[in-house]
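The residues making up each chain are set out below.
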Amino acid sequence: MSLNVERTGERERPDDQMERLFAAGFPEFITADKLIKQYIGRVREWFTDQDLILLDGDDVPVATGWGVPLRWTGEIADLPTGYTDSIVRAVEGREQQVKPDTLVICGAIVRPDLKGQGVAGELLTALRHLADEAGWPRVIAPVRPTLKARYPLTPIDWYITWTRDDGAPLDPWIRTHWRLGARMLQAAPESQTMTGTVAEWERWTGLVLLESGDYVIPDGLSVLHVDRPADLGTYVEPNVWMQHK
Ligand SMILES: CC(C)(COP(=O)(O)OP(=O)(O)OC[C@H]1O[C@@H](n2cnc3c(N)ncnc32)[C@H](O)[C@@H]1OP(=O)(O)O)[C@@H](O)C(=O)NCCC(=O)NCCS
């Protein structure tokens, strides 16, 4: 498939096409990260150049992905904690006029009917070019391992070591990055923290949560912890840091 790459905000696109693109992306609780709510407005305003859309020959969107620029020494110890911390650091870095040198790929989505056909590889390649264009030597990503939802009880440190018989990473999304030459740096066990009331979690998960304790939830990469007296559900999402060449 020959694809064209544009900045997502470059022009208006039909609503139905965008809805199709996002039709089966993320669980509802993904938006329950309170810190992200504070920062995402500035990301959308300031980092439009790092937000790409891929279009097919008929000008119909097939994938979109975005990232944020920040400064990173290249040392593991200086890595952001994960997705949320990257966004905080990028926004605050821009406010303090820190010159970025690293692109953090934060999100990617492929139209549901085109999954498994290598479109994501093209998207990641286009995102990586953004760093080349800007003269940033480093590209990293807090990768959300998509198959981890089947193993919510397994510690992320173990999960990321799992490989198939052919030696490739077991997780398909880690594998896509890996196939493009990216290497794992370390686990990011607390990449995002989602919180909500018990009623909100019941709505997001479709579960009845009558008692305090840990629950396996649909599409959760780890478990949800419910504290009934505090009327609070907390879910901490693990990712894995990968670095592209
Ligand atoms: C994660 C995502 C971007 C990957 O896109 P993609 O274009 O399907 O990726 P690939 O084509 O490189 O597929 C990767 C592997 O998963 C397999 N796969 C993924 N989705 C599949 C599907 N629906 N059916 C069959 N195989 C699938 C592919 O066969 C491939 O396996 P291989 O390495 O053995 O060839 C896409 O699945 C998606 O949009 N998911 C929802 C949003 C999300 O989770 N984004 C990532 C976190 S930000």
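The structure under discussion appears in the preceding block.
(A) Layout of the packing of helix α4 (residues 119–134) against helix α6 (residues 172–179). Following both chains from N to C, one finds α4 and α6 inclined at 55 degrees, their axes separated by 10 Å at the closest point. By the angle class used here, α4 and α6 are oblique. α6 is crossed by α4, and the crossing has right-handed handedness. Counted together, A120, G121 and L124 of α4 and W173, T176 and H177 of α6 form the full contact between these two elements. Taken together, the residues that form the contact of α4 with α6 break down as three nonpolar, three polar and no charged.

(B) Region of the structure containing the packing of helix α2 (residues 34–46) against helix α3 (residues 83–95). Between α2 and α3, the shortest axis-to-axis distance is 9 Å and the interhelical angle comes to 55 degrees. Taken together, the axes of α2 and α3 lie oblique to each other. Relative to α3, the crossing made by α2 is left-handed. For the pair α2 and α3, the contacting residues are L35, I36, Y39, R42, V43 and W46 in the first and Y83, T84, I87, V88, V91, E92, R94 and E95 in the second. Here the contact of α2 with α3 is composed, by residue class, of nine nonpolar, one polar and four charged.

(C) Spatial organisation of the site of the ligand. Around the ligand, 20 residues are found, and the nearest of them are V110, G116, G118, R175 and R179. With respect to the ligand, the backbone of Q117 contributes an N or O atom lying 3.2 Å from an oxygen atom. Contact with the protein chains removes 73% of the 910 Å² of surface that the ligand exposes when unbound. Those elements giving two or more residues to the shell around the ligand turn out to be β4 (102–110), α4 and α6. The element best represented in the shell around the ligand is α6, accounting for five residues. When the residues that make up the shell around the ligand are grouped by side-chain class, the tally is eight nonpolar, seven polar and five charged.

(D) Quick peek at the environment of T48. In this fold, T48 is placed in the loop between α2 and β2 (51–55). Assessed through its relative accessible area of 39%, T48 is described here as partly exposed. Setting aside residues no more than four positions away along its own chain, T48 makes contact with R7 and V43.

(E) View of the packing of aromatic side chains. A complete count under the given rule lists nine aromatic pairs for this structure. Linked through ring pairs, F29, W201, W204 and Y235 together constitute an aromatic cluster. Above the plane of the ring of Y39 lies R42, whose end atom (NZ or CZ) is 4.7 Å from the centre. It is K148 that lies over the ring of Y159; its NZ or CZ is 5.9 Å from the centre.

(F) The arrangement of unusual backbone geometry in detail. One non-glycine residue, D59, adopts positive backbone phi at about 70 degrees. Within the secondary structure layout, D59 lies in the loop between β2 and β3 (61–70). Relative accessible area serves as the criterion here: at 34%, D59 is assigned to the partly exposed category. At D231, a residue that is not glycine, the phi angle is positive and equals roughly 50 degrees. Position of D231 relative to the elements: it lies in the loop between β8 (224–227) and β9 (232–244).

(G) Quick peek at α2. Maximum bend of α2: about 35 degrees, positioned at I40. Every buried residue belonging to α2 is among I36, Y39, I40 and V43, and all of these are buried. Buried residues along α2 sit against β3, α3 and β6 (183–196). Where α2 begins, the side chain of D33 points an oxygen toward the backbone nitrogen of L35, at a separation of 3.1 Å.

Parameters at a glance
- Residues numbered from 1 in each chain as written.
- Predicted model: local features only at pLDDT ≥ 70, side-chain atom pairs only at ≥ 80, totals over all residues.
- Heavy atoms only, no water.
- Axes fitted to C-alpha atoms, helices over the stretch in contact; angles between N-to-C directions.
- Helix = DSSP H or I, 4+ residues; strand = E, 2+ residues; numbered from the N terminus.
- Parallel < 35°, antiparallel > 145°, perpendicular 65-115°, else oblique.
- Left-handed = near helix turned anticlockwise from the far one by under 90°.
- Contact = heavy atoms within 4.5 Å.
- Nonpolar A, V, L, I, M, F, W, Y, C, P; charged D, E, K, R; others polar.
- Near = heavy atom within 4 Å.
- Polar contact = N/O pair within 3.5 Å; in protein donor to acceptor, adjacent residues only side chain to side chain.
- Areas by Shrake-Rupley, 256 points an atom, 1.4 Å probe, with all protein chains shown as cover.
- Buried < 20%, exposed > 50% of the residue type's maximum accessible area, 1.4 Å probe, protein only.
- Phe/Tyr/Trp six-rings, centres within 6.5 Å; stacked < 30°, edge-to-face > 60°.
- Lys NZ or Arg CZ within 6 Å of the ring centre and 35° of its normal.
- Bend = angle between axes of the 7 residues up to and from the residue.

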